[in-house]
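Remarks on the overall topology
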Amino acid sequence: MENLKAIIIGAGIGGLTAGIALSQVGYEVEIYDRVSELRPAGAGISLWSNGVKVLNSLGLGKQIAQVGGLMDQMQYISHTGELLNHISLDPLVAAVGQRPYPVTRTDLQQLLLDGFPGQVKLNAQCVAVAEDEQQVTAIFADGHRATGDVLIAADGIRSVLRQYVLQAEVQPRYGGYVNWNGLVEASPELAPPQTWVIYVGEHKRASLMPVSGDRFYFFLDVPMSYEQAAEAGAIQAELTRCFQGWADPVQQLIQRLNPATTNRLLIHDVGPIDRMVRGKVALLGDSAHATCPDLGQGGCQAMEDVVVLTRYLKTTNLSVADALKRYEAERQVRANAIVTKARQRAEQIHGKDPDITQQWYAQLRTERPEAVTTAIANTILGSPLR
């Protein structure tokens, strides 16, 4: 199907990756976003090997290697400072054929913006969609209309276009915990180099992950009721109270983080949903399957969507609607399974059933490192780029 024009709503990871992929196979692409300035949500992302392979396939492998952090091992440590497990990631890399790259969201977004040959149109809030037999039109709040052959709704967890596709309203669900994340200068007092360190205890987590520029991407998780979570206090005071008595590196992290650049997020997810397309409109990424971040697969799943969507649009010559149905059939099972697995993982980590969380703590002490890397590899190897 030659000379298609794609309208993409949303300039996040999924929307930009789709813009690059479709441009590379000859489509005219327009990307719109409602914001006035592109600022990524969150400080960093653990881009696992399936996401990196998508970037490699788009000719961006060298660029992601330059901005990705080197992560060669994982350590689980109890909240009081006892090493529970040390895991080399070498077996994972050998199994899947690509190392993961923890990366700041700013660096990843810039890499994708540089890779997209067009200009993202900002201050463009899509409020409605109209379709006829030939084309699809995005209608914006200011009256502008953008018409093309396919419309990709990559407008995130609070998608406006999801309701058009599903013909019903699906609200994000609270995942049961608050996540603080940001960037901090790397230091051996916080964590060893090239190591992802995860402190666990009291149904909470504190994590440090190496990214480029001699920095750590950090996050801290605390389970809270929605009512508690909605009452945000001063960041350092809230974290000091929540992590009282935790090991010294966690205390150091709380003292060293910059409250002005630390994000505080109430974690939500979306799905599983029973469809991803309607006519010539396809949901992509978080608009279809936002996940709790406990598997580190949210951005990767958006990138996988792009691979499959581009392949069917390029190779199927019946119609756009037919290509999108094939995309939906292939992606729905995989993406919905990841949503479910990530929520189960979030509940296991954050004490929804305290006995299950205690069992997990005990398992961490005795689990063979290869069992951990095999589980991660199995998730990665479900990708369309194996």
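Residues numbered from 1 in each chain as written. Predicted model: local features only at pLDDT ≥ 70, side-chain atom pairs only at ≥ 80, totals over all residues. Heavy atoms only, no water.

Once that is clear, we can look at the overall build of the protein chain. Helix and strand counts for the protein chain come out as 14 helices and 18 strands. For 386 residues, the compact-globule estimate of 2.2 N^0.38 gives 21 Å, and the C-alpha radius of gyration of the protein chain, at 21 Å, lies within 12% of that figure. Counting only C-alpha atoms and orienting by the principal axes, one finds that the protein chain spans roughly 65 × 45 × 35 Å. With 386 residues in all, the protein chain has 56% of them scored as buried. Of all intrachain contacts in the protein chain linking residues separated by at least 6 positions in sequence, the fraction that spans at least 24 positions is 72%. Summed over all atoms, the accessible surface of the protein chain reaches about 16,000 Å², with 48% contributed by carbon and sulfur. Taking the average place of the 34 positive charges on the side chains of the protein chain and the average place of its 40 negative ones, the gap between the two points comes to 3 Å. (Helix = DSSP H or I, 4+ residues; strand = E, 2+ residues; numbered from the N terminus. Rg over C-alpha atoms; globule rule 2.2 N^0.38 Å. Buried < 20%, exposed > 50% of the residue type's maximum accessible area, 1.4 Å probe, protein only. Contact = heavy atoms within 4.5 Å. Areas by Shrake-Rupley, 256 points an atom, 1.4 Å probe, with all protein chains shown as cover. Lys, Arg positive; Asp, Glu negative; His and termini not counted. Charge placed at Lys NZ, Arg CZ, Asp CG, Glu CD.)

Glancing now at the packing of helix α1 (residues 13–24) against helix α5 (residues 105–115). The N-to-C vectors of α1 and α5 enclose an angle of 25°; their axes lie 9 Å apart at closest approach. Classified by the angle their axes make, α1 and α5 are roughly parallel. Considering only the axes of α1 and α5, their crossing is left-handed. Every residue of α5 that contacts α1 at Ile13, Leu16, Thr17 and Ile20 is listed here: Arg105, Leu108, Gln109, Leu112, Leu113 and Gly115. Looking at the contact of α1 with α5 residue by residue, the class counts come to six nonpolar, three polar and one charged. (Axes fitted to C-alpha atoms, helices over the stretch in contact; angles between N-to-C directions. Parallel < 35°, antiparallel > 145°, perpendicular 65-115°, else oblique. Left-handed = near helix turned anticlockwise from the far one by under 90°. Nonpolar A, V, L, I, M, F, W, Y, C, P; charged D, E, K, R; others polar.)

Another point: the sheet that holds strand β1 (residues 5–9). Read from one edge of the open sheet, six strands run β7-β2-β1-β11-β18-β17, paired in mixed fashion. Edge positions in the sheet fall to β7 (120–121) and β17 (277–278), since each has one partner strand and no second. As defined by bridge partners, β1 adjoins strand β11 (residues 150–153) across four bridges and the pair is classed as parallel. Across the sheet, alanine 6 pairs through a bridge with valine 150, a residue of β11. (Pairing = 2+ DSSP bridges.)

Put simply, α1 and helix α11 (residues 298–315) touch, their axes get as near as 9 Å, and they point 30° apart. Comparing their axes, α11 and α1 come out roughly parallel. By crossing handedness, the relation of α1 to α11 is classed as right-handed. Contacts between α1 and α11 involve Ile13, Gly14, Thr17, Ala18, Ala21 and Leu22 on the former and, on the latter, Gly299, Ala302, Met303, Val306, Thr310 and Leu313. Taken together, the residues that form the contact of α1 with α11 break down as eight nonpolar, four polar and no charged.

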